[in-house]
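Structure assessment
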Amino acid sequence: MTTTMEPQGRTASPETPQAAPAAAQDLAQVDLDALAAELDAVREEVLASLGEDDAAYIRGVIRLQRTLELAGRALLAAGVFPPAWVAGTAALSLSKILENMEIGHNVMHGQWDWMRDEDVHSTTWEWDNVCPSRQWKHTHNHVHHQWTNVEGRDGDIGYGILRIDDSQPWRPRHLAQPLVFVGLALLFEYGVGLHDVEIELGRSGKQRSTRDKLRETFAKVRSQVVKDYVLFPALLTPLGLPSVLAAASGAAVANVVRNLWSFAVIFCGHFPDGVRIFTEEEVEGESRGGWYRRQILGSANFDGGPLMHLMSGNLDHQIEHHLFPDLPSNRYAQIAPKVREICERHGLHYNTASFPRQFGTVVRKVLRLSLPFG
Amino acid sequence: MISPGVVGRALARLTTPFDPDAYLSFLHPLWGTKLRGVVEAVTPVTAEAAAITIRPSAGWPGHVPGQFTTLGVDVRGVRHHRCYSITSAPGTRDRRGPLIEVVVQAVPGGTVSQHLVHDVRPGEVVRLSAPAGELTPDVHAGPVLFVTGGSGLTPALGVLRALDRERPAGADVVVLHHATDPGRCLHLEELERLDRTIEGVRITTTFTRTGPRRHLDAERLEHLCPDWRERTAYVCGPEAMVATATDLWQREGLGDRLLVERHTQPRAAAAAAPLDGATVRFAASGVEVLAEGSTSLLELAERAGLPAPAGCRSGICHTCSTRLAEGCTLDLRDGRESVAGEHVQLCVSAAASDVTLDL
């Protein structure tokens, strides 16, 4: 074993019974080399079997997303009729959810780079979200996935504005965090869009690099806003003001629906009870096995069938995603039983529960930690 | 009148952050702004070769006889690019629009050629590149000689079919084709017909494994085409044939009258050895890999999952040309060194030192 970790585990909510297995975890007792070898074998097996069916899957999802998007825009053109507005808004919401979650997030991880299709590639994909892909790949693929749940390194722990773990010191501003929580959910894409700017500011404090990133974000925000709220509605001016407003409001609601759903899925990934936060000292000199263990203990799944897999971008398998961020997402459900078996055999808590339960513990924690001594 | 550029930019504002091509090609594969083709027909030519008829998208610029296009084909989910000479005459079409044809010879173990000859079905969508290539003789400018072998016949076939269609006065074209045996010779009957019917065209087919078993040499060239020194010559075929021809022409000081297309993969022939274990950094992608002997930089890039542009994979088409930012590379064909600042062809280059590429 190459790790030097001390068993000084701190779990998010020690008083919750469900968190007990992780709390009892003695980090030093896991055979990290064996864990790494077994998980590497899972990865190799998937890589060796990638082929036509996988390619057909992602292309099928992309076709579905484009169908929903075109249908949504077309229905919103008739949005003065309430049923058309509802159907169009629903279709556009689903389209944006699919594009951001099952397509954009996973393509940008390089999950589909093996197809060598320049149109479905991590180096070229720009997603339907105000966050520039380049910045997302930095904050998410690099910072978050490398430093998952390491206090002081992973910018995603509470996104720098929420107190999400007992180890974070309480400040008076945390009294407002239930409101901040709701606000962030509604405007999640803007939070994501400013995340890299915020990290840059905190890390280097360099005005120049921060300003460049801010400018890049503003350009992306502008093109997104102009498309959704100016150009598409403007196409309907011959039909009169109500049609214009219906198209704009449909797009606004679709953006918010996507924000709420992606926020909920992502908060279920790392903030439910039983998920472990690590210190920088704990991960010093971490081996590959140690990294794998941190991904397992630092992530949480939620239950769901094929439709949930699709709509959550397969992040209902957050543990599998964090172990293998560049394996195609359609394979997570397939490897999940094997991953779970490996975790359990090595005495690692495989954190999974229903979606309401996982999200419920997140809400409770946000409320509790808004108070001092909470 | 609104220019297409203005329409395109306006459309891009609506489709942002995606290219309008993403939606146009979703509505119909041939409506996109990127060049694509739909396979219309696959006709066996020999047991191991097929003619593939492709309907190109509206943006297809048309080709000059002798040019090739790079086909982007998905095999087992992975995109591969290969160059194929266009064998149809310019202007070939049916009532729905222009058509092009390529003839593919299945290479044993060849991923793309095996797929195209045996598995591809009408309706399959392929990516196309704009036609390119310099094997485009101007038959009005003087006499022409093609020396071809195996699938190297294909650019000559494109030229012959164009001549068959246009029948220009005063054409003088000699084709010396080489095939292993009649069963494996592409379009043997058509070659005989073209030889008989086009005035000014003479086609001789030699079988190298049956009959007199003759490969190209000085004596045979002299015998079959005594005025070869007066002709603009094009050699197209396997490495050995290309080497023989290059040697013959250079010995006569006529190297500048010869154009060459290799129809085989290059083999490592470098005098100075490539540096095994050198660090190869792809700067734009932020990926670093280790060089492995004479494995081409293109293969390293592809294995790392980079969308490296690639075409012929044998140093012809320059699709994969990439700027070498730092270090030194070797051309696997002739051991020629390239240094920082030059563009190198990834498919025929290996690292001779730690290198950084603008990819």
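Residues numbered from 1 in each chain as written. Chains lettered and ligands numbered in written order. Predicted model: local features only at pLDDT ≥ 70, side-chain atom pairs only at ≥ 80, totals over all residues.

Focus: unusual backbone geometry
Cis geometry marks the peptide bond from Thr 16 of chain B to Pro 17 of chain B, where omega comes out at 5°. Tracing the sequence through the fold places Pro 17 of chain B in the loop between helix H1 (4-15) and helix H2 (20-27). Its identity is not glycine, yet Asn 149 of chain A carries a phi of approximately 60°, on the positive side. By secondary structure assignment, the location of Asn 149 of chain A is in the loop between helix H5 (133-146) and helix H6 (177-186). Its identity is not glycine, yet Arg 167 of chain B carries a phi of approximately 45°, on the positive side. Inspection of the secondary structure puts Arg 167 of chain B in the loop between helix H4 (153-166) and strand S10 (173-179). (Helix = DSSP H or I, 4+ residues; strand = E, 2+ residues; numbered from the N terminus.)

Comments concerning the sheet that holds strand S21 (residues 355-357) of chain B
Residue and element names in this part refer to chain B. Ordered in space as S15-S14-S21-S16-S19, the 5 strands form an open sheet in which the pairing is mixed. Looking along the sheet, the strands with just one partner apiece sit at the ends: strand S15 (287-290) and strand S19 (343-345). When the angles between neighbouring strand axes are averaged without regard to direction, this sheet yields 35°. Bridging between strand S14 (residues 279-282) and S15 involves 4 bridges; their strand directions are antiparallel. (Pairing = 2+ DSSP bridges. Axes fitted to C-alpha atoms, helices over the stretch in contact; angles between N-to-C directions.)

Here's the deal with H4 of chain B
Residue and element names in this part refer to chain B. The end-to-end C-alpha separation of H4 is 20 Å, in line with the 20 Å expected for 14 residues at 1.5 Å each. Within H4, 11 of the 14 residues are buried, which leaves it mostly tucked inside the rest of the structure. Residues of H4 that are buried: Leu 153, Thr 154, Pro 155, Ala 156, Leu 157, Gly 158, Val 159, Leu 160, Arg 161, Ala 162 and Leu 163. (Expected span 1.5 Å × (residues − 1). Buried ≥ 20, exposed ≤ 12 C-beta atoms within 10 Å, placed from the backbone.)

Structural notes on the domain arrangement of chain B
Residues and elements named next belong to chain B. Assigned domains within chain B: domain 1 (35-128), domain 2 (144-262) and domain 3 (279-357). Relative placement of domain 1 and domain 2: their C-alpha centres are 23 Å apart. On the side of domain 2, 14 residues touch domain 1, which itself brings 14 residues to the contact. If you list the elements that add at least two residues to the side of domain 1 that touches domain 2, you get strand S1 (36-46) and strand S7 (100-105). Tallied by class, the residues present in the side of domain 1 that touches domain 2 amount to 7 nonpolar, 6 polar and 1 charged. (Domains from an automatic or database assignment. Contact = placed C-beta atoms within 7 Å. Nonpolar A, V, L, I, M, F, W, Y, C, P; charged D, E, K, R; others polar.)

A word on the confidence of the model for chain B
Residues and elements named next belong to chain B. Averaged over chain B, the pLDDT score is 89; the fraction of residues at 70 or greater is 95%. For chain B, strand S18 (residues 337-339) is the element with the lowest average pLDDT, namely 78, and strand S2 (residues 49-56) is the one with the highest, namely 98. Our summary of model confidence lists the complex with pTM equal to 0.86 and ipTM equal to 0.88. (pLDDT = per-residue confidence, 0-100.)

Focus on the packing of H6 of chain A against helix H9 (residues 241-270) of chain A
Residues and elements named next belong to chain A. Remark: H6 packs on H9, axes separated minimally by 7 Å, with the N-to-C direction vectors making an angle of 120°. By the angle between their axes, H6 is oblique relative to H9. Of H9, the residues touching H6 (which contributes Leu 184, Ala 185 and Leu 186) are Val 256, Asn 259, Leu 260 and Phe 263. A breakdown of the residues in the contact of H6 with H9 according to their chemical character gives 6 nonpolar, 1 polar and no charged. (Parallel < 35°, antiparallel > 145°, perpendicular 65-115°, else oblique.)

Details of the sheet that holds strand S11 (residues 201-207) of chain B
All names here are of chain B. Spatial strand order, S11-S10-S9-S12-S13: 5 strands in an open sheet with parallel pairing. Each having just a single partner strand, S11 and strand S13 (258-262) make up the two edges of the open sheet. Averaged over neighbouring strand pairs, the angle between their axes works out to 10° when direction is ignored. Taken together, the 5 bridges between strand S9 (residues 144-149) and strand S12 (residues 232-237) define a ladder with parallel strand orientation. Pairing of Val 144 across the sheet is with Thr 232, part of S12. Packed on one face of the sheet, helix H5 (residues 188-197) meets S10 and S11 and runs near 145° to S11.

Comments concerning the nonpolar core
Soluble, globular proteins show a tendency: their nonpolar side chains are buried together. Counting 65 residues, the largest nonpolar core has Val 104, Phe 146, Val 235 and Ala 245 of chain B as its most contacted members. When residues are assigned to domains, this core turns out to be shared by domain 1 (35-128) and domain 2 (144-262) of chain B, each giving three or more. For Val 104 of chain B, the residues in contact, after removing those within four places along its chain, are Ala 49, Ala 50, Ile 52, Tyr 84, Ser 113, Leu 116 and Val 117 of chain B. Residues Leu 92, Leu 98, Leu 162 and Ala 300 of chain A belong to the second largest nonpolar core, which totals 59 residues. (Core = buried A, V, L, I, M, F, W, Y, C linked by C-beta atoms within 7 Å.)

Overview of helix H3 (residues 111-119) of chain B
Residue and element names in this part refer to chain B. Val 112, Ser 113, Leu 116 and Val 117 are the residues of H3 that are buried. Viewed along the axis of H3, the buried residues span an arc of 115°, placing them on a single side of the element. If you follow the buried residues of H3, they end up packed against S2, strand S3 (68-75), strand S4 (78-85) and S7. (Arc of directions from axis to C-beta.)

Quick word on the pairing of S3 of chain B
All names here are of chain B. Of all the 8 residues making up S3, 7 are buried; the element is thus mostly covered by neighbouring parts of the structure. Pairing between S3 and S4: 8 bridges, direction antiparallel. Among the inter-strand pairings, Val 73 is bridged to a residue of S4, identified as His 80. Hairpin connection between S3 and S4: a loop of 2 residues separates the two successive antiparallel strands, and Arg 76 in this loop has a positive phi of roughly 50°. Where S3 lies against strand S8 (residues 125-128), 2 bridges are found, and the strand directions are antiparallel. Each bridged residue has a counterpart across the sheet, and for Leu 71 the counterpart in S8 is Leu 128.

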